[in-house]
Amino acid sequence: MDDFYRENILDHYKNPRNSGHLDHPTASAEGVNPLCGDELAVELEIEDDTVQDVRFNGRGCAISQAAASMISDVVKGKTVAEVRALGSEDVLEELGIPLSPIRLKCALLSVNVLRVALGDASDDRDLEWKSA
Amino acid sequence: MDDFYRENILDHYKNPRNSGHLDHPTASAEGVNPLCGDELAVELEIEDDTVQDVRFNGRGCAISQAAASMISDVVKGKTVAEVRALGSEDVLEELGIPLSPIRLKCALLSVNVLRVALGDASDDRDLEWKSA
Amino acid sequence: MLRPGPLGFGLRRRVYTERMAVEAPTTPLDAARIKLDFPILMREVNGMLPAYLDSAASSQKPRQVIDAIVDVYETSYAAVHRAVYTLGERATERYEAARDTVTAFLNAASRREVIFVRNATEGLNLVAYAYGLKFLGPGDVIVSTEMEHHSNLVPWQEVARRTGAELRYVRLTDRGELDTESLEELAGADVKLVAATHVSNSLGTVNDVAAIARWAHDHGAVMVCDGAQAAPHRVVDVQALGCDFYAISGHKMCGPGMGALYGRADLLEAMDPFLTGGGQIAKVTLEGTTWNELPYKFEPGVPPLAEAVGFAAAADYVTRIGLEAIHEHEQVLTAYGWELLSAIPGVNLFGPPPPDRAGILSFTVDGVHAHDVAQILDAEGVCVRAGHHCTQPAMRHFDVVATSRASVYLYNTTDDLDRLAAGVDRVKRTFGV
Amino acid sequence: MLRPGPLGFGLRRRVYTERMAVEAPTTPLDAARIKLDFPILMREVNGMLPAYLDSAASSQKPRQVIDAIVDVYETSYAAVHRAVYTLGERATERYEAARDTVTAFLNAASRREVIFVRNATEGLNLVAYAYGLKFLGPGDVIVSTEMEHHSNLVPWQEVARRTGAELRYVRLTDRGELDTESLEELAGADVKLVAATHVSNSLGTVNDVAAIARWAHDHGAVMVCDGAQAAPHRVVDVQALGCDFYAISGHKMCGPGMGALYGRADLLEAMDPFLTGGGQIAKVTLEGTTWNELPYKFEPGVPPLAEAVGFAAAADYVTRIGLEAIHEHEQVLTAYGWELLSAIPGVNLFGPPPPDRAGILSFTVDGVHAHDVAQILDAEGVCVRAGHHCTQPAMRHFDVVATSRASVYLYNTTDDLDRLAAGVDRVKRTFGV
Ligand SMILES: Cc1ncc(COP(=O)(O)O)c(C=O)c1O
Ligand SMILES: Cc1ncc(COP(=O)(O)O)c(C=O)c1O
Ligand code: FES
Ligand code: FES
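Residues numbered from 1 in each chain as written. Chains lettered and ligands numbered in written order. Predicted model: local features only at pLDDT ≥ 70, side-chain atom pairs only at ≥ 80, totals over all residues. Heavy atoms only, no water.

*Asks:* Tell me what's going on with the arrangement of the chains, and back it up with residues and numbers.
*Replies:* No other pair of the five pairs of chains in contact has as many contacts as chains C and D. Nowhere do chain A and chain B come into contact; their C-alpha atoms are at least 43 Å apart. (Contact = heavy atoms within 4.5 Å.)

This is the structure we're talking about:
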């Protein structure tokens, strides 16, 4: 519990990478975490089936914001298929902390919104209601 | 429990008094016990504000049938007000046995139907959900 | 008066010497031992241990289920889905684990298809309101059956009334089975929904749900199955049955006041919500609202945690004992009870004879009202239900107002049925019939 | 890390020396002793006894309630209303006695006016479906408020959508109270129904229900009151309030997953039924159905006996402790907590200041998301809720997505609030704000 809010998480939260808007996004989506009402939007610039650039935009808790910030660095240069394949393990690895199912929703908001932007229906496939 | 089905109750059940129809009823009503679906109809001949004759008709358990039979003897010659005032104590006195709330519904079917025939809305005012 | 020993009747077989002619059969379950799990069955009522033969109305609860409920309240209670603190996480995990248990119990394809409701009645009403009101209209035909419980009949009357759809019924044969001829009469109709029970609660009839679902789908209709009397007593696999909706009640399967509705995900997605409010919503503005994902779209309000956990504990309990064994046990008891009762002159049994029927013995005694039968049986410690069993049309088909009904479950023994038969003898003596 | 003694914090006042400035007040309840009734509050979580400050979401259950539930299952369980045998009679008596308890608890004029439902959400939906769909139409105006819980808002959006009625809202002032000016704007409208909460679950505002009901009646409208946050915490007299409907949730008042809807008898009589099926019916034919009398008309299916008995045990429990004393206790705690929190720089409190507010402390910490606040408080054993509290329009009014919310109940002590304040200090340290 005490190391939930590690320095790197708070750093990403306070100084989010790739936050804001793109001039010419080729794909975008918005999502809401129904448990809290937090909203997150993503804009992508995709060229040659590869993510050239990405921006997240929205409000949320430290976990969701830090996860979005960390994932934004991860997706750059990845193919669409690779981004689609991102799941809870990837996000948890970036965050480096265990999460309860409820906070996992926060952490996964960014990858879910990414998937929607890439044309997949938003789903909960990573969300097991068991302790992570 | 063992003296639930006393001789006089079984007698009234098997040989119901005032069962059938009147030639010229001046009031009538039908009722159903929703707990079991049993239906009971009553026909009354009222003259000078007094019950001259009565008939019950329907199907039901020994308790409801015996109660109807016993009450039919009671109401004859009574004024409308007196019949309206009949309640659970009167029926229980006639039956001479204690009844659970569910069987009380059976016993009261006849007085409830009588009340409806006399223009009162059917109600449960005698029906306390407590052991009788 | 019959007085059982401290371990109940299981250890004192064949107390009714007059009935020695019928040999008590053995079953795959040690029901006398199972009874020990049920505190209420081990406690005297009017000086006797109860022969509880009313499980089709509601079953008793084993210590395992009661303990699970107590445990939640003592260790893990909080508002489900609504809290990030540890107790709240525990609560959410236990609630959603309960859903996983029920998902596996029904073999639903996904937990998103399992909605917690209050009971089968609410589940069926949910489909009526959220599917029926949205997708049915004038000219459409709803098919139900003459054997339905009111909970799978009146909601469709209401849908028909509100939408202008027409409600038609599959009639019964005199064995109490669905009349296939009357199904064929419906062949040309614009059938959009078929509502049928898996097992009849007043006749014991077991319907071929897979065949009905196929028939429905061949007509482009969805099939709504009332599983209230099936799920407690046999293996249910909603995917194998092929029905689109399936409603069950936990209280009939050793659980508390809680039920579940299975619904095919694509249908649930397309439906309007039913109850609206907290938790089933994604976003609310003063102008309008978007719905939460499945299954939460259909579960507004603070979820009933302890009830869900108790429900899952009940599913675990019957699964551990084994639904095949429970079913076989009940088949044996049913055949035995049928034999005992049909040997008594003046007793009429309803529904198809065993085998191939559920453990529901619906009967009348000539010259005695069903409630009086039940009352006198109570004096013998035998608990049976009397009435129309919320199946008035089926009763009317057989031209009776009410029957007495003895229904068996995993904790019933042959002795319970011996006591039933002896009680019916006493009924006849009392009424002189 | 803070470690309470075996009797909890009640015996160790003023552990946070930095906060000595604010003197802990005394209240009419010995909450430290009341806590002993609640097993879950006496059990460590993460090595600490919980400071449970989320009763507005759902309350914990005392041993008295848990025992009542166990007792029913062990001694008196059967299908309510459906059996003439002794266990069935007992079950029916206990269920109906529970209704009598709730009738008295709300001071309803008659037990016919008290309908058992799953929770407040279902109660409000019942009114929306069974009253709203029947009696509202195009041109009619429904009035709700900007502070409503989604459960008393979205059902009315749905009624408006289905009937063509118009839904309008009473706005909030910046104190989080109903804006009387915006009420006056509605003066000319054809108002048919007013839906308002008694107590706001996210702002703590207490509405003058009697005045709103009078206003509604002056306009020829009925008034639907959401009592979910009021009934657990203050004496509620539905006749004195003069509202036409009043919905409550048992789980917020020490009970299980069960609620009640009060409705005026003449309105309930005139309404269509809501859920249909077994038990709410007088007579069913294949052609149609007549309804059972009140309150059964609205209670289909086998009634949830243990839940009803637990609900009544909860009403008895809080009544025995005394709702006046509980209310006064909460008033003192609320003022204390408000004082503690408002003394912390960067903390913003919502809703009207004490007195005259409910025991709900909704707050934000500058620079920290509400969920992170709650998460860090959890590390201190302090259980608060974070989110929009199912009141998104109210959140939007104050231009926040979420708040953290600490809510008090009869078992909370000043120490729980001390721990809350200390936890908020830690939040600020962690986030460096
Ligand atoms: C003001 C208010 N109304 C309604 C509800 C809904 O209660 P329930 O979730 O028990 O249906 C709640 C609680 O969540 C509430 O706080
Ligand atoms: C066949 C059948 N369907 C539906 C129901 C309704 O179940 P519940 O009362 O639990 O909603 C019952 C039981 O009463 C039943 O036997
Ligand atoms: S709390 Fe909303 S995303 Fe984390
Ligand atoms: S059982 Fe129907 S009236 Fe007695």
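*Asks:* Could you give me a rundown of the sheet that holds strand E14 (residues 385–387) of chain D, with the residues and numbers involved?
*Replies:* Residues and elements named next belong to chain D. Pairing is antiparallel across the open sheet formed by four strands, whose spatial order is E11-E12-E15-E14. Across the chains shown, the open sheet's two edge strands, defined by having one partner strand only, are strand E11 (347–349) and E14. In this sheet, neighbouring strand axes are inclined to one another by 30° on average, regardless of whether the strands run parallel or antiparallel. Sheet analysis places E14 next to strand E15 (residues 403–407), joined by three bridges and oriented antiparallel. (Pairing = 2+ DSSP bridges. Helix = DSSP H or I, 4+ residues; strand = E, 2+ residues; numbered from the N terminus. Axes fitted to C-alpha atoms, helices over the stretch in contact; angles between N-to-C directions.)

*Asks:* An account of the domain arrangement of chain C is needed here, citing residue identities and associated values.
*Replies:* All names here are of chain C. The assigned domain composition of chain C is domain 1 (9–36 + 322–431) and domain 2 (65–320). Placing a centre on the C-alpha atoms of domain 1 and another on those of domain 2 gives a separation of 29 Å. Approximately 2,500 Å² of surface area, both sides summed, lies buried where domain 1 meets domain 2, with 59% of it carried by carbon and sulfur atoms. On the domain 1 side of the interface with domain 2, the three residues burying the most area are Leu 323, His 397 and Tyr 409, jointly 24% of the side's total. Viewed at the interface, domain 2 and domain 1 are joined by zero salt bridges. (Domains from an automatic or database assignment. Buried area = accessible area lost by both parts, 1.4 Å probe. Salt bridge = Lys/Arg side-chain N within 4 Å of Asp/Glu carboxyl O.)

*Asks:* Lay out the site of ligand 1 in plain terms, naming residues and giving numbers.
*Replies:* In the vicinity of ligand 1 lie 16 residues, with Thr121(D), Asp226(D), Ser249(D), His251(D) and Lys252(D) positioned nearest. With respect to ligand 1, its neighbouring residues span chains C and D. A distance of 2.4 Å is found between a nitrogen atom of ligand 1 and a side-chain nitrogen or oxygen belonging to Asp226(D). In this structure, His251(D) approaches ligand 1 through a side-chain N or O atom, which is 2.6 Å from an oxygen atom. Considering ligand 1 on its own, with 390 Å² of exposed area, one finds that the protein chains cover 98% of that surface. Of the residues in the shell around ligand 1, the class split is four nonpolar, ten polar and two charged. (Near = heavy atom within 4 Å. Polar contact = N/O pair within 3.5 Å; in protein donor to acceptor, adjacent residues only side chain to side chain. Areas by Shrake-Rupley, 256 points an atom, 1.4 Å probe, with all protein chains shown as cover. Nonpolar A, V, L, I, M, F, W, Y, C, P; charged D, E, K, R; others polar.)

*Asks:* So, the relation of the copies chain C and chain D: which residues are in play, and what are the values?
*Replies:* Once chain C is rotated about the relating axis by 180° and shifted along it by 0.0 Å, it coincides with chain D to within an RMSD of 0.0 Å. Interpreted geometrically, this transformation is the action of a two-fold axis. When C-alpha positions in chain C are compared against the rotation axis, the closest is assigned to Arg118(C), at 3.5 Å. Taken as a fraction of all interface residues of chain C, those also at the interface in chain D reach 100%, which identifies the copy contact as same-surface. (Least-squares fit on C-alpha atoms with pLDDT ≥ 70 in both.)

*Asks:* Just give me the short version of unusual backbone geometry, but keep the residues and values in it.
*Replies:* The omega angle of the peptide bond from Leu294(D) to Pro295(D) is -5°, so this bond is cis rather than trans. Note that Pro295(D) resides in the loop between strand E10 (289–291) and helix H10 (305–321). Between Pro354(D) and the following residue, Pro355(D), the backbone shows a cis peptide bond with an omega angle of -5°. Mapped onto the fold, Pro355(D) is located in the loop between E11 and strand E12 (360–365). Positive phi outside glycine occurs at Asn18(A), with the angle close to 55°. Structurally, the position occupied by Asn18(A) is in the loop between helix H1 (7–14) and strand E1 (27–33). Classification of Asn18(A) by relative accessible area gives buried; the value is 14%. Backbone geometry places Asp356(D), a non-glycine residue, at a positive phi of 65°. Relative to the helices and strands, Asp356(D) resides in the loop between E11 and E12. (Buried < 20%, exposed > 50% of the residue type's maximum accessible area, 1.4 Å probe, protein only.)

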